[in-house]
Amino acid sequence: MASLLLIVLSLTYLTPSLASDIETRCSKICHSLQEDHIKEQCKTTCLSWYYNNNNNNHHQEASEKDVNKEKKGEEKHNPYYFGEERYEHWTRTQHGHFKVLERFSKRSKLLAGIENYRLAILKAEPYTFIMPSHWDVDEVFYVTRGQGTITLLWEGNRESYDIKEGDIMTIPSGVIVYLINKDSNEKLRIAMLLQPVSLPGRFEEFFGVGGKNPETFYTTFSNEVLQAAFNTPLDRLKRLFGKQEKGVIIRASEEQITALSKSSTEGEGGPRTPFNVLSKQPSHANNYGQLYEANVNDYQFLRELDVDISIANISQGSMMAPNYNSRSTKIALVVQGSGYFEMACPHISKELEESKERNYKEHGQSYHLVRSQVRRGSVFVIPASHPVAAVASKNENLLVLCFGTRAENNDKFFLAGKNNVLNQMEREAKELAFDWPAEEVDEVFNAQPESVFFPAPEGRGPFMA
Ligand SMILES: *[C@@H]1O[C@H](CO)[C@@H](O)[C@H](O)[C@H]1NC(C)=O
Ligand SMILES: [Cu+2]
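Residues numbered from 1 in each chain as written. Chains lettered and ligands numbered in written order. Predicted model: local features only at pLDDT ≥ 70, side-chain atom pairs only at ≥ 80, totals over all residues. Heavy atoms only, no water.

> Could you give an account of the pattern of salt bridges, naming the residues involved and the relevant values?
Between side chains of opposite charge, a pair can form as their charged atoms come close. Across all of its chains, the model carries 15 salt bridges by this definition. The salt bridge partner of E125 is K187, with a shortest N-O separation of 3.7 Å. Linking E125 in the loop between β4 (118-124) and β5 (128-135) with K187 in the loop between β10 (176-181) and β11 (188-196), this pair joins segments that are 62 residues apart in sequence. Put simply, R86, E102 and K106 are held in one network by salt bridges that share partners. (Salt bridge = Lys/Arg side-chain N within 4 Å of Asp/Glu carboxyl O. Helix = DSSP H or I, 4+ residues; strand = E, 2+ residues; numbered from the N terminus.)

> Hey, could you go over the site of ligand 1 for me, with residue numbers and the actual values?
In the region of ligand 1, the neighbouring residues are L278, Q290, N313, S315, N397 and L399. In the environment of ligand 1, an oxygen atom lies 2.3 Å from a nitrogen or oxygen atom belonging to the side chain of N313. Between ligand 1 and the protein, one listed contact pairs an oxygen atom with a side-chain N or O atom of N397 at 3.0 Å. Relative to its free-state accessible area of 360 Å², ligand 1 is covered by the protein chains to the extent of 52%. Along the lines of polarity and charge, the residues of the shell around ligand 1 split into two nonpolar, four polar and no charged. (Near = heavy atom within 4 Å. Polar contact = N/O pair within 3.5 Å; in protein donor to acceptor, adjacent residues only side chain to side chain. Areas by Shrake-Rupley, 256 points an atom, 1.4 Å probe, with all protein chains shown as cover. Nonpolar A, V, L, I, M, F, W, Y, C, P; charged D, E, K, R; others polar.)

> I'd like to hear about the sheet that holds strand β15 (residues 284-286), residue by residue, with values.
Strand order across the open sheet formed by seven strands is β1-β22-β19-β24-β17-β16-β15, with antiparallel pairing between neighbours. For this open sheet the edge positions go to β1 (81-82) and β15, each flanked by a neighbour on one side alone. Of the strand pairs in this sheet, strand β16 (residues 289-294) and strand β17 (residues 308-314) are connected by six bridges, and their pairing is antiparallel. Pairing of L291 across the sheet is with A312, part of β17. (Pairing = 2+ DSSP bridges.)

Shown next as structure tokens:
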């Protein structure tokens with residue numbers, strides 16, 4: 001075993017490369033080993049090492065420490081998990097930030113199905129104003145914390161809406177939006193799913209207002225066009241568009257906040273009034289957690305993106321039952337707490353098999369366990385039909401927000417507990433399927449008296465060492 005570890009360590013100094021190269025290299029490296037089963041083990045370790053490195057560019061500078069980490073839980077070595085380092089800050093000032101998760105299809109071709117979605121997070125300090133802008137995306141957002149007022153400018157109208165924790169709202173592409181955090185103490189945090197409308201997976205923000213920072217697009221036009229358009233001398237226009245340099249998120253006075261609050265501009269609301277997901281009756285609730293779900297029946301505008309929203313509040317020391325979604329790929333964002341996810345993925349298993357140049361069909365279907373420790377800000381992608389389970393840590397609730405794509409006609413299937421979908425089989429089907437007496441199958445299937453939320457596994461779990 002010690003020699004295997006040495007081989008793995010020596011691999012860290014080689015750069016990963018193409019699949020065929022990897023196969024050749026691993027054969028060479030493991031060639032000198034005597035016994036066949038050790039040689040095989042060496043090749044498997046070698047291939048998966050290269051595989052993991054290929055999917056994690058920043059792990060090319062892997063060190064011995066990383067090898068140990070990987071052995072602990074493979075947490076970084078899966079394309080479905082996104083940690084804090086995978087966000088890019090578009091704006092970061094003392095008054096807040098706006099950060100965007102890297103493109104899914106850049107991370108892995110296994111995420112190509114959601115390449116036209118982006119996840120972003122806005123955080124604004126108390127009493128702040130977020131500059132008016134428009135984006136080339138259709139957007140749905142969820143307020144994870146705080147309260148504010150959001151204003152939309154479009155079709156000759158101005159609509160203001162109060163927003164608070166649990167609210168969802170959609171904003172069509174091109175609408176000019178600005179907002180305030182109207183709380184004097186609490187931060188305003190908003191998680192958003194963006195669907196670009198002109199370039200797959202890419203979007204931009206456009207500022208008309210501003211000057212130097214944010215830079216206004218007006219001054220990009222030629223002087224002639226600008227003067228004619230505003231019917232104003234150039235020097236005045238230069239003064240108007242040359243001053244602002246405080247940035248995208250700026251401090252506002254109490255008086256300004258009061259004036260901009262929806263409560264003081266009554267009557268300017270519109271049809272898009274946000275829907276509060278948390279004020280809905282949970283679709284499942286017991287001592288171990290609650291599941292809140294919202295779809296087009298709750299908020300018709302979700303149809304614009306064919307998205308639904310769910311919030312799982314998994315109590316400390318509890319877990320959410322293994323389940324899968326029939327059509328929907330879920331983009332799960334941890335809003336609070338910590339814990340871990342486990343998912344069965346046949347694709348990764350196949351890639352590993354293929355890189356061994358074997359015909360996987362001869363081996364039947366097999367699955368790779370993908371698991372990650374998660375904390376606030378972590379993102380975990382759950383592709384359609386993939387069985388997944390989530391476990392909260394022992395000392396805090398795990399609050400997970402899920403944006404579900406292809407929401408129409410999606411069903412969630414539970415794989416354990418009282419509503420285990422497999423329990424609906426006839427006794428004959430159970431016996432045939434398990435080659436086991438139906439009574440004993442039923443005994444196992446009925447041993448879990450709860451549904452959806454259960455007590456967590458005994459012990460500290462794979463990541464809680
Ligand atoms: C989550 O559940 C806890 C109780 O376990 C409750 O105190 C908390 O308010 C819930 N959070 C949300 C967002 O529902
Ligand atoms: Cu998969």
